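Examining the three-dimensional arrangement
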Amino acid sequence: MKPFLDHARSIGKARASSGFIAADMFGALNELRRIAWKLIETFNREYRMVTVNHVRRLEDIIHAFGQELLTSFSVMYRDVQLQINDQAAQIAAQQQTIRELSTPILPLYEGILVVPLVGVIDSFRAGQMIERLLTAIVERQSDIVIIDITGVPVIDTAVANCLLQTARAAQLIGTQVIQIGIGPEIAQTLVQLGVDLSGIQVGATLQTGIELAFRLTGHEIRPLHR
């Protein structure tokens, strides 16, 4: 009896790990009962030896097998689901970290944020960038945002629209935008694409952008005199 029950437990664990559901287990039990009764009926037609005790014993064995099968299946299924949930939570946390690292928002000075963009910008990342930037502006009550596109390798229509949407969205909540990192090639591309940067301050380098931001906020950068 013990090897039979051990086999039931191993089947339950294996089926749970393989993605089966409880309905599959009940179906397997019904099939086992059907085959067992068929064998009993065949045996009894030939030998006429089956008694009520035999039937009860058979049902007890099938019932015990089913209990072990379903119990082991349920325990393993729960463990598998917990592992899946843990993995999903870890993946979500990693994705959030990647999103934050891919679009860092750095507080430069009181009321001034810097957003250095690096790498390819697609529509998904663009939406996240706008959302994170607007949230940071509201949380830090920022007056100026410096968007640095020096690390963006390609400026196409999608990227240009993303930058424009980000700037317009920031302006709608009262924040001035300074766009830096626009070299000659990028400037030419933006002109060819017909991107309207009116109302957006433009600087060549981060230093230029910082100096401009300080002037707009009434601050001044002075060299230290020894």
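The notes below deal with the structure included here.

Definitions and limits used
Residues numbered from 1 in each chain as written. Predicted model: local features only at pLDDT ≥ 70, side-chain atom pairs only at ≥ 80, totals over all residues. Heavy atoms only, no water. Salt bridge = Lys/Arg side-chain N within 4 Å of Asp/Glu carboxyl O. Helix = DSSP H or I, 4+ residues; strand = E, 2+ residues; numbered from the N terminus. Buried < 20%, exposed > 50% of the residue type's maximum accessible area, 1.4 Å probe, protein only. Contact = heavy atoms within 4.5 Å. Phe/Tyr/Trp six-rings, centres within 6.5 Å; stacked < 30°, edge-to-face > 60°. Lys NZ or Arg CZ within 6 Å of the ring centre and 35° of its normal. Pairing = 2+ DSSP bridges. Axes fitted to C-alpha atoms, helices over the stretch in contact; angles between N-to-C directions.

A word on the pattern of salt bridges. Tallying each qualifying case throughout the model produces 5 salt bridges. We note a salt bridge from Arg-9 to Asp-6, for which the minimum N-O separation is 2.0 Å. Taken together, the residues span about one helical turn, with Arg-9 and Asp-6 both in helix α1 (residues 2-17) at a distance of 3 residues. Residue class for Arg-9 comes out partly exposed when judged on its relative accessible area of 27%. You can call Asp-6 partly exposed: its relative accessible area is 27%. Where Asp-79 meets Arg-78, a salt bridge forms, and the shortest distance between an N and an O atom there is 3.6 Å.

On to helix α7 (residues 206-216). Every buried residue belonging to α7 is among Gly-209, Ile-210, Leu-212, Ala-213 and Phe-214, and all of these are buried. Among the structural elements, β1 (106-109), β2 (112-118), β3 (144-151), β4 (176-180) and β5 (201-203) are those in contact with the buried residues of α7. Of the residues trailing α7, Gly-218 is marked for its positive phi of about 80°.

By the definition in use, this model includes 2 aromatic pairs. For the pair Phe-73 and Tyr-77, a centre-to-centre distance of 5.7 Å together with 20° between the ring planes defines the contact as stacked. Within this pair, Phe-73 and its partner Tyr-77 are both found in helix α3 (residues 52-102), separated by 4 residues, close to a single helical turn. On the numbers, 5.4 Å between centres and 80° between planes, the contact of Tyr-109 with Phe-214 is edge-to-face. Of this pair, Tyr-109 sits in strand β1 while Phe-214 sits in helix α7, and the two are 105 residues apart along the sequence. With a relative accessible area of 13%, Phe-214 lands in the buried category. The residue whose ring lies beneath Arg-15 is Phe-20, and the NZ or CZ to ring-centre distance is 5.4 Å.

Across the sheet, 5 strands lie side by side as β1-β2-β3-β4-β5; this open sheet has mixed pairing. Bordering the open sheet on either side are β1 and β5, each of which pairs with just one other strand. Here the average twist between neighbouring strands, direction ignored, is 25°. Sheet analysis places β1 next to β2, joined by 3 bridges and oriented antiparallel. Bridging from a neighbouring strand, Leu-106 pairs with Val-114 of β2. Here helix α4 (residues 123-140) sits on the sheet in contact with β1, β2 and β3, set at roughly 165° to β2.

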